Amino acid sequence: MWVYEKKLQYPVRVSKCDPRMAKFLIEQYGGADGELAAALRYLNQRYTIPDKVIGLLNDIGTEEFAHLEMIAAMVFKLTKDASVEELEAAGLGAHYANHDNALFYENASGVPWTAAYIQAKGDPIADLYEDIAAEEKARATYQWLIDMTDDVDLQDSLKFLREREIIHSIRFREAVEIIKEDREHKKIF
Amino acid sequence: MKQNPEERAYPLFHSPFDPCPPKHYKTYVVPVNQYVVFQPAGLPQFSPAEALKHGTLWPSLYSPYTSRKFKGE
């Protein structure tokens, strides 16, 4: 189970009224390399991975949910006060037609999230390498999002999230090393 | 503009740190069908021409809707 703390992992401050940016940020909400995909991927894979790295997948998967609600806060702040005309002008007309200004698990092009984005191969090396790739792809997405806004406060939150991807990547690579070195030890069951 | 009787509104939280000028409330519609559990027989009817225009034979099931754009929302 989880214990919920009613605060964000890192503050989200959006200072520029730029609903257009919400359309791009949604990539990290419901995109293939977004936070939802990451959280569900790790928390599902943790059942079928060697004991020594279950805790890592558990902790990182949980943190991804904290990142998910940071992205949600950014998107909501950028869209909650927008009129229909402002949403259309921001490129969110198609989104309005389907969702009003509700959040939805979709990528920047409006494609809904699918479990086909994630894998659980049951092979620890294959799964951990997928996780490493996912972290690097999410890092790259955050870079492109930082490139697309000149709101330094929004950039600050995005830079925090980007840095977390870098840390998660090295932790997953350490997990691979832990699994590899297991062969040095003779096991008697 | 005449207020749509089916329209409800709830206040929107506004933070001093919000980036955009505040929208103070958000509207939604509760259509008349929500209050008719099982349609009773013998309700008053529109004339055939009026019924065609309204999309229903019964004035008590007619649900008007006004564009948010026209209301400046």
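None of the values given here were measured: they were computed from a predicted structure. (Residues numbered from 1 in each chain as written. Chains lettered and ligands numbered in written order. Predicted model: local features only at pLDDT ≥ 70, side-chain atom pairs only at ≥ 80, totals over all residues. Heavy atoms only, no water.)

Undergrad: Sorry, what's going on with the overall build of chain A here?
TA: Along the backbone of chain A there are eight helices and zero strands. Reading the secondary structure of chain A in the N-to-C direction produces α-α-α-α-α-α-α-α. Principal-axis analysis of the C-alpha atoms places the extent of chain A at approximately 70 × 30 × 30 Å. Counting the 189 residues in chain A, one finds 46% classified as buried. Within chain A, contacts between residues at least 6 apart in sequence are counted, and of these 76% link residues at least 24 apart. Total accessible area on chain A stands at roughly 9900 Å², and carbon and sulfur atoms take up 57% of it. Side-chain charges of chain A comprise 23 positive and 34 negative groups, with the mean position of each set lying 5 Å from the other. (Helix = DSSP H or I, 4+ residues; strand = E, 2+ residues; numbered from the N terminus. Buried < 20%, exposed > 50% of the residue type's maximum accessible area, 1.4 Å probe, protein only. Contact = heavy atoms within 4.5 Å. Areas by Shrake-Rupley, 256 points an atom, 1.4 Å probe, with all protein chains shown as cover. Lys, Arg positive; Asp, Glu negative; His and termini not counted. Charge placed at Lys NZ, Arg CZ, Asp CG, Glu CD.)

Undergrad: Help me understand the state of the cysteines, please; the structure alone is not making it clear to me.
TA: Simply put, disulfide is the name for a covalent bond between the sulfur atoms of two cysteines. Enumeration over the complete set of coordinates arrives at one disulfide over all chains. In this model Cys17 of chain A forms its disulfide with Cys20 of chain B; the gap between the sulfur atoms is 2.2 Å. Measuring handedness by torsion sign, the sulfur bridge of Cys17 of chain A and Cys20 of chain B sits at about 100° and is right-handed. Placement of the pair is Cys17 of chain A in the segment before α1 (20–25) and Cys20 of chain B in the loop between β1 (7–11) and β2 (25–29), with the two residues belonging to separate chains. (Disulfide = S-S within 2.5 Å.)

Undergrad: Explain empty space enclosed by the protein here, please?
TA: The rolling of a water-molecule-sized probe over the atoms marks out the regions of remaining empty space. Applying the stated rule across the entire model yields two cavities of 30 Å³ or more. The calculated volume of the largest cavity comes to roughly 100 Å³. Forming the boundary of the largest cavity are 13 residues, of which Asp100 of chain A together with Lys23, Lys26, Arg68 and Glu73 of chain B lie nearest the centre. If you list the elements that add at least two residues to the lining of the largest cavity, you get α5 (84–89) of chain A together with β2 of chain B. Considering each element in turn, the lining of the largest cavity owes the most residues, three residues, to β2 of chain B. Tallied by class, the residues present in the lining of the largest cavity amount to five nonpolar, three polar and five charged. Every residue lining the second largest cavity is listed: Asp33, Gly34, Glu35, Ala38, Arg41, Tyr42, Glu64, Ala134, Glu135, Ala138 and Glu165 of chain A. (1 Å grid on protein atoms, 1.4 Å probe; cavity = no way out; pocket = protein on both sides within 12 Å on 5 of 7 lines; lining within 4 Å. Points joined across faces, edges and corners; volume = space filled by probe spheres on them. Nonpolar A, V, L, I, M, F, W, Y, C, P; charged D, E, K, R; others polar.)

Undergrad: In this structure, what is going on with the UniProt feature "binding site: Ca(2+)" (unreviewed entry) in chain A? I would like to understand it.
TA: Here, UniProt's "binding site: Ca(2+)" (unreviewed entry) annotation points to Asp59 of chain A. Taking the relative accessible area as the measure of exposure, Asp59 of chain A reaches 52% and is therefore exposed. (UniProt positions renumbered as here; feature names shortened; annotations may be inferred.)

Undergrad: Would you mind showing me how to read the pattern of salt bridges here?
TA: Close approach of charged atoms lets side chains of opposite charge pair. Applying the stated criterion to the full structure yields 18 salt bridges over all chains. One salt bridge in this structure joins Arg41 of chain A and Glu130 of chain A, with 2.7 Å as the shortest N-O distance. Taken together, the positions of Arg41 of chain A in helix α3 (residues 35–45) and Glu130 of chain A in helix α7 (residues 124–148) put the pair 89 residues apart, joining distant regions of the chain. The residues Arg41 of chain A and Glu130 of chain A share a single accessibility class, namely buried. The partner of Arg68 of chain B in a salt bridge is Glu73 of chain B, and the shortest N-O contact between them spans 3.9 Å. An identical accessibility class is assigned to Arg68 of chain B and Glu73 of chain B; each is buried. (Salt bridge = Lys/Arg side-chain N within 4 Å of Asp/Glu carboxyl O.)

Undergrad: For this particular structure, what's the right way to read the packing of α3 of chain A against α7 of chain A?
TA: Each packed pair of helices is defined by two parameters, the angle between the axes and the distance between the axes. All names here are of chain A. One can describe the packing of α3 onto α7 by two numbers: an axis separation of 11 Å at closest approach and a directional angle of 165°. By the angle between their axes, α3 is roughly antiparallel relative to α7. In the packing of α3 onto α7, the handedness of the crossing is left-handed. Packed against α3, whose contacting residues are Glu35, Arg41, Tyr42 and Gln45, the element α7 presents Asp127, Glu130, Asp131, Ala134, Glu135 and Tyr142 at the interface. (Axes fitted to C-alpha atoms, helices over the stretch in contact; angles between N-to-C directions. Parallel < 35°, antiparallel > 145°, perpendicular 65-115°, else oblique. Left-handed = near helix turned anticlockwise from the far one by under 90°.)

Undergrad: Got a minute to help me understand helix α8 (residues 152–181) of chain A in this structure?
TA: An α-helical turn contains 3.6 residues, so any two residues separated by three or four positions project in the same direction. With 30 residues, α8 of chain A should cover 44 Å at 1.5 Å per step; its first-to-last C-alpha distance of 44 Å lies within 8% of that length. The backbone nitrogen of Asp153 of chain A has a side-chain oxygen 2.9 Å away, supplied by the residue at the start of α8 of chain A, namely Asp151 of chain A. (Expected span 1.5 Å × (residues − 1). Polar contact = N/O pair within 3.5 Å; in protein donor to acceptor, adjacent residues only side chain to side chain.)

Undergrad: Would you explain the packing of helix α4 (residues 51–79) of chain A against α8 of chain A in this entry?
TA: Residue and element names in this part refer to chain A. Packing of α4 against α8 leaves a shortest axis separation of 11 Å and a crossing angle of 165°. Considering their axes alone, α4 and α8 lie roughly antiparallel with respect to each other. Every pair of crossing elements has a handedness; the one defined by α4 and α8 is left-handed.

Undergrad: Sorry, what's going on with the nonpolar core here?
TA: The nonpolar side chains of a soluble globular protein tend to be buried with one another. All names here are of chain A. Counting 30 residues, the largest nonpolar core has Leu25, Ile71, Met74, Leu154, Leu158 and Leu161 as its most contacted members. Elements supplying a minimum of two residues to this core: α1, α3, α4, α7 and α8. Counting residues per element, this core draws most heavily on α4, at eight residues. Listed in part, the 13 residues of the second largest apolar core include Tyr42, Ala134, Ala175 and Ile179. (Core = buried A, V, L, I, M, F, W, Y, C linked by side-chain atoms within 4.5 Å.)

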